[in-house]
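# Examination of the molecular architecture
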Amino acid sequence: MNGLHLIFNESILGHSSFAVFAQAGFANWGMLGWAAVAGLPVLIHLLHRRRYKVTDWAAMQFLLQATRKHSRRIRLEQLLLLAIRVLILLLLVTALARPYMSALGSFFQSDAPTHRIVVVDTSMSLAHQSSEQSRFEQARELAREVISSSRQGDALNLVRMGTLPPTVLVQKPSYQKSQVLSEVDNLRQTHEVADVVTSLRDVETLLAEASAITQKEVVFISDFQQTSWQPEASGRQSQVGRTLKRLSEQARVFFLPVGQPDAANLAISSFSIVDPYVTTGRPANFRVTVSNHSLNSSGSRSVQLVVNDRVVASEQVDIAADDSATVDFETTFASAGEFRVEARFANEDALSVDDHRFLAVPVKEKLNVLLVNGRPAGRPRETATFYLQQVLQSSPETAIGMNATATQVIGDGELAAVDLSRYDCVFLCDVALITEQEATLLSRFVEAGGGLVICLGDRVQAANYNQTLFADGQGLLPAKLLETAGGTAEDDLDAIFQFDPIELKHPIVNAYLGNPGTGLEDTIVFKYFRTSIEDGMQVERVLNFTNGDAALLDRKVGWGRVILITTSVDDRWGLWPVQPNTSFPPIISETVRYVVAGRWAERNRQVGEPLTLTGYRSDRSAIVVAPDQTEATLQASSSENALQWDNTSLSGFYEFRIASTDRGAGWFAVNPDPSESQLHTVSKSTFEQELLPGAKFSYQPTWKEAPRVSQADDDGNGLIRWLLRAVLCLIFVEQLMAWRFGWGLVALLACIVCTVVRQAVFGPLAWGTAFGLVAILIILRVTMRSGKTGSVTSN
């Protein structure tokens, strides 16, 4: 039997709180044999006793009298010092024998360690500064306080609430406070959105770590912005509530709010170019939307239009409470190039980030349009691109703009060798086959913001298009090509198809809505390809035939657009390009205007979206200059032939510079999500009633640690720790006593007092106080008796 059963009943101890049933013993009985070494100090003491010869000497009488006077004190000091040395060895052997004692009160129990996950919001709304500190600075200080309050044995994780990786900053539970505090110091304010759902999922994953620690805590430090914690999408809102509920069942949840709740804020919520593109010498129109996110007070601000850091226009705008107003600006660019255009308030408010919005505006002398001719011919009129070229080179001013386009015609075999990044729009006209290489080049071009218009005809091989361009709905083609409909006989009335003038909501044909007699409904088409749109594809019908089949289809791919014209753009499949009063020139012009808009959109992104410049060789690198003027070198991707920058956590202008040259590759404008400007917050009552009804949590503006739970000590770890602490204290006391006995006695008294205080404050008061008072009385008694006999100093 390895254990000793001890029973203390209530009658013996006199109080119900002391009634216990304890099992005590040693996990390693063999180590107790080493207790014999505790006799070594006694043996050494006996062996080294001075053996002297008695010699009568008159002067010795005085020494003997002094020795008798202090002999009692000296013997007591030596015996106490000897006892401490023996006790050191006994306690050390006992600790190595691994004693255990279960259910004997909590004197030998220690506080259970805590696995604490700290979640800090770094989103744009925390840049609001209503006092000397911003909300973010307050959040960071709170995080430091929470982490600093952890004790030895606690495990810590740190999570950043944002959208860009990394969001989990301390992945593995850390037992070093300094490491986690260093990560907190490295936290920086970003202009991202607080992705609450993702952060909650990260916390759920981290709770499974440090499984040996049963006491879990999750501390959220945020302004608890309503748009993030109570998103308008009901499914996402319920997802937040369900995840919080699961967390509250696994851990103690703390919400630490920072900043003033429901603060008022004026913001520039949108800034856009009215025109789809900008060319030199023509007025460019910009529209600014200003929003007042105050529930009860109106506001007035001066809005400025700034081009390349120069104010070119200014307007005063008044905004009612919880309302928006628009301001329109017009300016003309005299030269081509890339321009940084900014809309801003003349005076910033407490949240200065949303007082600016940015646009990177490439200004060109002309639009560059590439026409790929799939049907070469001896006479220009018989080529597949002839009528397109005529329209684009002589477009009316009401459409594209006088001399606003520059066209280039190539044969279908030349496409693979062309640098598509030089063009804004590409037309494929009756091209028979598209190779995989050409499909890849076109895909990169469109995804980067280019416009692609696919025009069909006699030479088009539907099977090839379906394989390379449609690719089961994953390619560029908006729909799968089926069989052709109609013929070429002009006198066969059954083979004549016309455009349907009813559904004209798309921007390309919207000008015809409510305008009969403009030639659209009189268009004659003999032949076209029937199409099939796969389920789930985001494809919009631009124009239909009267029989319901699609004539023009629109699909967004990446930042660009693809338009499919199911008939030809020459006179082989109809009279559309050559009819009097035809709709052909306006529709082609509007198609170009529509698809090239993506080329400008690619330079204007939202915080968190990557920036990509296509058409760069893999041996080419660039320097990226962020809005805070930090620089980084970026290497072009060998597979994509593109420069891509992913870290867009700040709003403002990003510049790409070609490495080893002074030439700029391009400007990008990055703007924050306008929802971050709404500073309405989630209150404690909202958590109680909607997000966490019936669940236990703590909502407190300052950090107050919850009471710790004492852990059971069935394995004896608590008792062993006490024994080892006692050994360390006695070693120190023994050394001090051997030098100055009185000082050593005071040190022993100090150790006992510290034990009493520790037990009185952090443990059961009765056990600690009783044990400490008895020990103090004994030490005081010994000290007093020692003091009566003389000075407390050793030889």
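The rules behind the values
- Residues numbered from 1 in each chain as written.
- Predicted model: local features only at pLDDT ≥ 70, side-chain atom pairs only at ≥ 80, totals over all residues.
- Heavy atoms only, no water.
- Helix = DSSP H or I, 4+ residues; strand = E, 2+ residues; numbered from the N terminus.
- Buried < 20%, exposed > 50% of the residue type's maximum accessible area, 1.4 Å probe, protein only.
- Contact = heavy atoms within 4.5 Å.
- Pairing = 2+ DSSP bridges.
- Axes fitted to C-alpha atoms, helices over the stretch in contact; angles between N-to-C directions.
- Parallel < 35°, antiparallel > 145°, perpendicular 65-115°, else oblique.
- Nonpolar A, V, L, I, M, F, W, Y, C, P; charged D, E, K, R; others polar.
- Core = buried A, V, L, I, M, F, W, Y, C linked by side-chain atoms within 4.5 Å.
- pLDDT = per-residue confidence, 0-100.
- Phe/Tyr/Trp six-rings, centres within 6.5 Å; stacked < 30°, edge-to-face > 60°.
- Lys NZ or Arg CZ within 6 Å of the ring centre and 35° of its normal.

### Structural notes on the overall build of the protein
Each helix and strand in the protein was counted, giving 17 helices and 33 strands. Looking at the 795 residues of the protein, the share that counts as buried comes to 48%. Restricting the contact set of the protein to residue pairs at least 6 apart, pairs at least 24 apart contribute 73%.

### Remarks on the sheet that holds strand E15 (residues 337–345)
By definition, the strands of a sheet pair up through backbone hydrogen bonds, in either a parallel or an antiparallel sense. Strand order in this open sheet of 5 strands is E10-E16-E15-E12-E13, and the pairing throughout is mixed. Sheet topology places strand E10 (278–279) and strand E13 (310–319) at the edges, where each strand pairs with a single neighbour. Relative to E15, strand E12 (residues 299–307) runs antiparallel, the two sharing 5 bridges. Residue pairing in the sheet places glutamine 304 in a bridge with arginine 344 of E15.

### Thoughts on the packing of helix H9 (residues 386–393) against helix H12 (residues 584–595)
Viewed as axis vectors pointing N to C, H9 and H12 meet at an angle of 75°, and their least axial separation amounts to 10 Å. What the angle tells us is that H9 and H12 run roughly perpendicular. Facing H9, whose interface residues are Tyr387, Leu388, Val391 and Leu392, H12 presents Phe584, Pro585, Ile588, Ser589 and Val592. When its residues are assigned to classes, the contact of H9 with H12 shows 8 nonpolar, 1 polar and no charged.

### Some thoughts on the packing of helix H4 (residues 135–148) against helix H5 (residues 177–186)
One way to put it is that H4 packs onto H5 with a least axis distance of 10 Å and a crossing angle of 175°. Taken together, the axis directions place H4 and H5 in an arrangement best described as roughly antiparallel. Contacts between H4 and H5 involve Arg140, Ala143, Arg144, Ile147 and Ser148 on the former and, on the latter, Lys177, Val180, Leu181, Val184 and Asp185. Tallied by class, the residues present in the contact of H4 with H5 amount to 5 nonpolar, 1 polar and 4 charged.

### Digging into the nonpolar core
Phe427, Ile565 and Ile587 are the most contacted members of the largest nonpolar core, which totals 42 residues. Those elements that place two or more of their residues in this core are strand E17 (367–373), H9, strand E19 (425–429), strand E20 (451–455), strand E23 (539–544), strand E24 (550–557), strand E25 (560–565) and H12. Among the elements that line this core, the one with the most residues is H12, at 6 residues. Sequence-distant contacts of isoleucine 565, defined by excluding residues within four places in its chain, comprise Val453, Ile454, Cys455, Leu456, Ala551, Leu552, Trp576 and Ile588. In this structure, Leu420, Phe445, Val446 and Trp573 belong to the second largest nonpolar core, which totals 36 residues.

### Looking at the confidence of the model for the protein
Chain-level pLDDT for the protein is 82 on average; 78% of the residues reach the 70-or-more range. Within the protein, the element-level pLDDT minimum falls on helix H1 (residues 10–13), averaging 37, and the maximum on strand E4 (residues 114–121), averaging 97. Confidence drops under pLDDT 50 across residues 396–402; counting only partners more than four residues distant or on other chains, this segment forms 14 contacts.

### Side note on the packing of aromatic side chains
Inspection of the entire model under this criterion finds 26 aromatic pairs. Between phenylalanine 255 and phenylalanine 687 the ring centres are 4.2 Å apart and the planes differ by 20°, which places this aromatic pair in the stacked class. Here phenylalanine 255 is found in strand E8 (residues 252–257), whereas its partner phenylalanine 687 is found in helix H14 (residues 684–691), with 432 residues between them in sequence. With respect to burial, phenylalanine 255 and phenylalanine 687 carry one shared label: buried. Between phenylalanine 653 and tryptophan 667 the ring centres are 6.3 Å apart and the planes differ by 90°, which places this aromatic pair in the edge-to-face class. Taken together, the positions of phenylalanine 653 in strand E31 (residues 652–658) and tryptophan 667 in strand E32 (residues 664–671) put the pair 14 residues apart, joining distant regions of the chain. Taken together, the ring pairs connect Phe220, Phe224, Trp229, Phe255, Phe687, Phe697 and Tyr699 into an aromatic cluster. Here the guanidinium or amino end of arginine 340 rests over the ring plane of tryptophan 667, the centre of that ring lying 4.7 Å away.

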